[in-house]
Amino acid sequence: MTQRLDYFATAPDLFQPMLALEATLKDSGLEHSLIELVKLRSSQINGCAYCIHMHTHEMRAKGESEDRMHLLNAWRESSLYSAREQAALAWTEALTRIEATAAPDSDFDLIAQQFSPREQAALTLVISTINAWNRIAIGFRTPHPAAQEASAA
């Protein structure tokens, strides 16, 4: 895979609002581990190798268990995720696959039970933002660091 465009080098000013949004969401009150689970799950669905690589490394550095990362795509069948995390993951899947799901009331009801209205807004922005990053990385064929390391060897 060959990178199509180094978007940060080409237009850093255009990406500053996205970076500012990331910083705001990091301080939104949502748990860091929940934010990272959501980002990883959305990136798995979208098939974004760059973001999967980045978020698994960030999660591991913050002490996330290997089991929780490996079982994330089967979260519905695992007891490793809290009710709050399950609600967030259901909402993540609903919004990431919005063309198929239309964001069903049942998934919204789950987040309404687990998250305050402000947290619902923050969670939805986290999901929206990672989907945007996935589309940017995939669209411009951004290689994940392991690919760069392998090609340098």
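Right above here is the structure, for reference.
These notes cover the structure that comes with them. (Residues numbered from 1 in each chain as written. Predicted model: local features only at pLDDT ≥ 70, side-chain atom pairs only at ≥ 80, totals over all residues. Heavy atoms only, no water.)

1. Considering the layout of surface pockets
Here is step 1: Roughly 410 Å³ of volume is contained in the largest pocket.
Here is step 2: What lines the largest pocket is a set of 20 residues, among which Glu22, Lys39, Met54, His55 and Glu58 lie closest to the centre.
Here is step 3: Every element with two or more residues in the lining of the largest pocket is listed here: α1 (7-10), α2 (12-26), α3 (32-46), α4 (49-61) and α9 (117-139).
Here is step 4: When its residues are assigned to classes, the lining of the largest pocket shows twelve nonpolar, two polar and six charged. (1 Å grid on protein atoms, 1.4 Å probe; cavity = no way out; pocket = protein on both sides within 12 Å on 5 of 7 lines; lining within 4 Å. Points joined across faces, edges and corners; volume = space filled by probe spheres on them. Helix = DSSP H or I, 4+ residues; strand = E, 2+ residues; numbered from the N terminus. Nonpolar A, V, L, I, M, F, W, Y, C, P; charged D, E, K, R; others polar.)

2. With respect to the packing of helix α8 (residues 105-114) against α9
Here is step 1: Two elements in contact, α8 and α9, have axes separated by 8 Å at closest approach and are oriented at 125 degrees. Taken together, the axes of α8 and α9 lie oblique to each other. Seen from above, α8 lies across α9 with right-handed handedness. Residues Phe108, Ile111, Ala112 and Gln114 of α8 form the contact with α9, whose own contacting residues are Glu119, Gln120 and Leu123. (Axes fitted to C-alpha atoms, helices over the stretch in contact; angles between N-to-C directions. Parallel < 35°, antiparallel > 145°, perpendicular 65-115°, else oblique. Left-handed = near helix turned anticlockwise from the far one by under 90°. Contact = heavy atoms within 4.5 Å.)

3. Some points on the pattern of salt bridges
Here is step 1: Considering all chains together, one arrives at eight salt bridges under this definition.
Here is step 2: Glu66 serves as the salt-bridge partner of Arg60, at 2.5 Å between the closest nitrogen and oxygen.
Here is step 3: Note on Arg60: relative accessible area 36%, which makes it partly exposed.
Here is step 4: Note that Arg84 is salt-bridged to Glu119, the shortest N-O span being 3.1 Å. Of this pair, Arg84 sits in helix α6 (residues 83-96) while Glu119 sits in helix α9; the two residues are 35 residues apart in sequence, bridging distant segments of the chain.
Here is step 5: Three or more residues joined by partner-sharing salt bridges are found here, namely Glu31, Arg84 and Glu119. (Salt bridge = Lys/Arg side-chain N within 4 Å of Asp/Glu carboxyl O. Buried < 20%, exposed > 50% of the residue type's maximum accessible area, 1.4 Å probe, protein only.)

4. Remarks on the nonpolar core
Considering soluble globular proteins, one finds that nonpolar side chains tend to be buried as a cluster.
Here is step 1: Counting 16 residues, the largest nonpolar core has Leu30, Val38, Trp91, Phe115 and Leu123 as the members making the most contacts within it.
Here is step 2: At the level of secondary structure, the elements contributing two or more residues to this core comprise α3, α6 and α9.
Here is step 3: Dropping the residues within four chain positions of it, Trp91 is found in contact with Ala103, Pro104, Asp107, Phe108, Ile111, Leu123, Thr124 and Ile127. (Core = buried A, V, L, I, M, F, W, Y, C linked by side-chain atoms within 4.5 Å.)

5. With respect to the environment of Asn131
Here is step 1: On the secondary structure map, Asn131 appears in helix α9.
Here is step 2: Taking the C-alpha atoms as reference points, Asn131 and Ala9, separated by 122 residues in sequence, lie 21 Å from one another.
Here is step 3: Sequence-distant contacts of Asn131, that is, excluding residues within four places in its chain, are made with Ser42, Asn46 and Thr96.
Here is step 4: Of the polar contacts made by the side chain of Asn131, one reaches the side chain of Asn46; its length is 2.9 Å.
Here is step 5: At 3.0 Å, the side chain of Asn131 forms a polar contact with the side chain of Thr96. (Polar contact = N/O pair within 3.5 Å; in protein donor to acceptor, adjacent residues only side chain to side chain.)

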